[in-house]
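A closer look at the structure
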Amino acid sequence: MVKDKFSLKSMKKSNTELILSIILKNQPISRANISKMTKLSRAAVSSIVQNLLDEGFISEIGVDREQTGTGRKGILLEGNHNFVTVGFDINSNLDRLICLDINGNVVEKAQFTRKNVDFIEEIRDSLKMFFSSSKLKGKNIKSVGIAFPGFVSEKENIIAITPYLRNENNFSALKELENTFGIPFRFENKAKLMTIAEKNYGYGKDSKNMLFINIAVGIGSGLFIDGKMYKGSSNLSGEIGHFKIMDEDGDECVCGSRGCLETVLSSWGLVKRYNKFAVSKIEGQYRSDVVVERALEGDETAVRVIEEAGHYLGFVLANISNVLNLDLIVIGGSNPVRNCDIFKQKLVKDFDRYSLGVIRREVEIKFSELGEDIAAIGAAQIGIEFCVERTLKNIVQKEARI
């Protein structure tokens, strides 16, 4: 009996998810056409559609004038443009915010210079200014997703310290923010959110097995396997920057170990490697843009350092691809080395060298074109997904009590 009840709940939840997905992908669409596409009865469709209307996910926009026949014309449905979520991307010197409606349209975006105060205070102040935007008037802000450049452990219920922000905190910060604004907040690792954005809006739309690499001040990654985000047992998967590429005589990493990929590929790693061998040093530990500029001007040390970075990333990605049989690898991030042809050519060359031929033929390597808002987009997207998931549970529980 318990098993049957559980099955009915799961079916109701799945059908609700299916109908919402069909509306968002095929809007505007009538209930009758949803019934045809899903093979569900019109009564079942109408019940689920009413729940989605009540929860504000969708809107009715008028009659279906293209409908043929003599019967009453159906009402067309679409995603509710007033249902919006906010994505907040925390950076070392600049915070980016973006607001998406449930259809994935950008409603508003902004950026704020960091004040280097407690990051919860920073988030609160920036959001207050952002919410006052005229474009958000009349919108129903449902949630906020936050891209955090560090460890976010669901299992241990902590937001772990990152070397690139001064303060650490824990998930009690969520309650503080939720009490201030009266809406749910979600924290997630930045690289994972960039991966989600790429999957939904970039090259990953048609990919089932995709690896995304974020090359920035640090190095992170996110992974989709069989169309689902892989998080690991504690949501700490994706630390590709700490893949060991050298013996213990490698450079020291911010993690305390030696010989990590991050020591040759990150912004600080490229500058440190360059200064180790060059006569004319670069000032500013994160100025990898200067390394790239000097390489393009023919500086042999800069070329060698960038080729080294491409070599090791190609080596690491080939071995990961050999294990996982990926169909897509996307390279993104704010580090300008990822757009340097010297780096790209060496990366692809050594990926080809170390990957198995049959696997290499199945995987594409792309360089993300989503731009600087990619992490904020991913953060807004998880806000949408969280709202949908929570609402679906509430709908199923409510109907189980009737």
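Everything quoted here is computed from the prediction, not taken from an experiment.

**Here we look at the nonpolar core**
Formed by 42 residues in total, the largest nonpolar core has its most connected members in Leu265, Leu317, Ile331 and Phe343. Apart from residues no more than four positions distant in its own chain, Ile331 is found in contact with Ile213, Ile215, Leu313, Leu317, Arg338, Leu347, Ile365, Lys366, Phe367 and Ser368. Phe88, Phe119, Ile123 and Phe130 belong to the second largest nonpolar core, which has 26 residues in total.

**Overview of the pattern of salt bridges**
Between side chains of opposite charge, pairing is possible as soon as their charged atoms come close. Counted by the stated rule, this structure contains 13 salt bridges. Between Arg124 and Glu176 there is a salt bridge whose closest N-O contact spans 3.5 Å. A residue pair is termed long-range when its members are at least 10 positions apart, and Arg124 in helix α4 (residues 119-131) and Glu176 in helix α5 (residues 172-181) qualify at 52 residues. Across the pair Glu364 and Lys366 runs a salt bridge, and its minimum N-O distance is 3.8 Å. On the basis of relative accessibility, which here comes to 28%, the residue Lys366 falls in the partly exposed class. Members of the salt-bridge network, linked through shared partners, are Asp251, Arg273, Lys276 and Glu308.

**Quick word on the confidence of the model for the protein chain**
On average, the protein chain scores 87 in pLDDT, and the residues at 70 or more come to 89%. With pLDDT under 50 throughout, residues 1-7 is counted as low confidence; its partners more than four residues away or in other chains account for 0 contacts.

**Digging into the sheet that holds strand β3 (residues 75-79)**
Read across the open sheet, the 3 strands follow the order β1-β3-β2; overall the sheet is antiparallel. The open sheet terminates on both sides in strands that have one partner only, identified here as β1 (29-30) and β2 (58-63). Sheet analysis places β1 next to β3, joined by 2 bridges and oriented antiparallel. Within β3, the residue paired with Ile29 across the bridge is Leu77. Seen against the sheet, helix α3 (residues 42-54) touches β2 and β3 and runs at an angle of roughly 115° to β2.

**Notes on a nonpolar patch on the surface**
A cluster of nonpolar side chains, Ile225, Tyr230, Val323 and Leu324, forms an exposed patch at the surface whose accessible area comes to about 360 Å². Mapping Ile225 onto the fold places it in strand β13 (residues 219-225).

**Concerning α3**
When the terminal C-alpha atoms of α3 are compared, their 18 Å separation across 13 residues agrees well with the 18 Å that a helix rising 1.5 Å per residue should span. Gly56 occupies a position one or two residues after α3 and carries a positive phi of about 85°.

**Some words on helix α10 (residues 300-324)**
Given 3.6 residues per helical turn, the α-helix brings residues three or four places apart onto the same face. Counted at 1.5 Å a residue, the expected span for α10 with its 25 residues is 36 Å, and the 36 Å between its end C-alpha atoms agrees. Regarding α10, its N-cap is Asp299, as a side-chain oxygen of that residue lies 2.9 Å from the backbone nitrogen of Thr301 further along. Note on α10: the residue one or two positions beyond its end, Asn325, has a positive phi of about 55°.

**Some remarks on the sheet that holds strand β16 (residues 364-367)**
Taken in spatial order, the 5 strands make up an open sheet running β14-β13-β12-β15-β16, and their pairing is mixed. Only two strands of the sheet have a single neighbouring strand rather than two, namely β14 (228-229) and β16. With 6 bridges connecting them, strand β12 (residues 210-215) and β13 associate as antiparallel partners. For Ile215, the partnering residue across the bridge sits in β13 and is Ile219. Helix α11 (residues 341-354) contacts β12, β15 (328-332) and β16 of the sheet and is inclined by roughly 165° relative to β16.

**What to know about the side chain of Glu188**
Following the sequence through the fold, Glu188 ends up in strand β11 (residues 185-189). Polar contacts involving the side chain of Glu188 include one to the side chain of Asn235, which spans 3.1 Å.

**Observations regarding the packing of aromatic side chains**
Throughout the structure, instances matching the rule amount to 4 aromatic pairs. Measuring from ring centre to ring centre gives 5.8 Å for Phe181 and Phe185, while their planes differ by 35°; the resulting arrangement is tilted. Ring centres 5.1 Å apart and planes at 90° place the aromatic pair Phe315 and Tyr354 in the edge-to-face group. In this pair, Phe315 is assigned in helix α10 and Tyr354 in helix α11, connecting sequence segments 39 residues apart. Since its relative accessible area comes to 28%, Phe315 is described here as partly exposed.

**Quick notes on the side chain of Glu308**
In this fold, Glu308 is placed in helix α10. The residues contacting Glu308, other than those within four sequence positions of it, are Met246, Val264 and Arg273.

**Brief notes about the packing of helix α9 (residues 288-296) against α10**
With their axes 7 Å apart at the nearest point, α9 and α10 run at an angle of 115° to one another. In terms of crossing hand, the pair formed by α9 and α10 is left-handed. In contact with Val291, Val292, Arg294 and Ala295 of α9, α10 contributes Ala302, Val303 and Ile306.

**Thoughts on the pairing of strand β4 (residues 83-89)**
Across the 7 residues that make up β4, a large majority, 7, are buried. The side-chain alternation of β4 yields two buried faces, one formed by Phe83, Thr85, Gly87 and Asp89 and the other by Val84, Val86 and Phe88. Pairing of β4 with strand β5 (residues 94-101) involves 6 bridges; the strand directions are antiparallel. Counterpart to Gly87 in the pairing with β5 is Ile98.

About the criteria used
- Residues numbered from 1 in each chain as written.
- Predicted model: local features only at pLDDT ≥ 70, side-chain atom pairs only at ≥ 80, totals over all residues.
- Heavy atoms only, no water.
- Core = buried A, V, L, I, M, F, W, Y, C linked by side-chain atoms within 4.5 Å.
- Buried < 20%, exposed > 50% of the residue type's maximum accessible area, 1.4 Å probe, protein only.
- Contact = heavy atoms within 4.5 Å.
- Salt bridge = Lys/Arg side-chain N within 4 Å of Asp/Glu carboxyl O.
- Helix = DSSP H or I, 4+ residues; strand = E, 2+ residues; numbered from the N terminus.
- pLDDT = per-residue confidence, 0-100.
- Pairing = 2+ DSSP bridges.
- Axes fitted to C-alpha atoms, helices over the stretch in contact; angles between N-to-C directions.
- Patch = residues over 30% accessible without salt bridge, like charges linked within 9 Å, V, L, I, M, F, W, Y side chains within 5 Å.
- Areas by Shrake-Rupley, 256 points an atom, 1.4 Å probe, with all protein chains shown as cover.
- Expected span 1.5 Å × (residues − 1).
- Polar contact = N/O pair within 3.5 Å; in protein donor to acceptor, adjacent residues only side chain to side chain.
- Phe/Tyr/Trp six-rings, centres within 6.5 Å; stacked < 30°, edge-to-face > 60°.
- Left-handed = near helix turned anticlockwise from the far one by under 90°.

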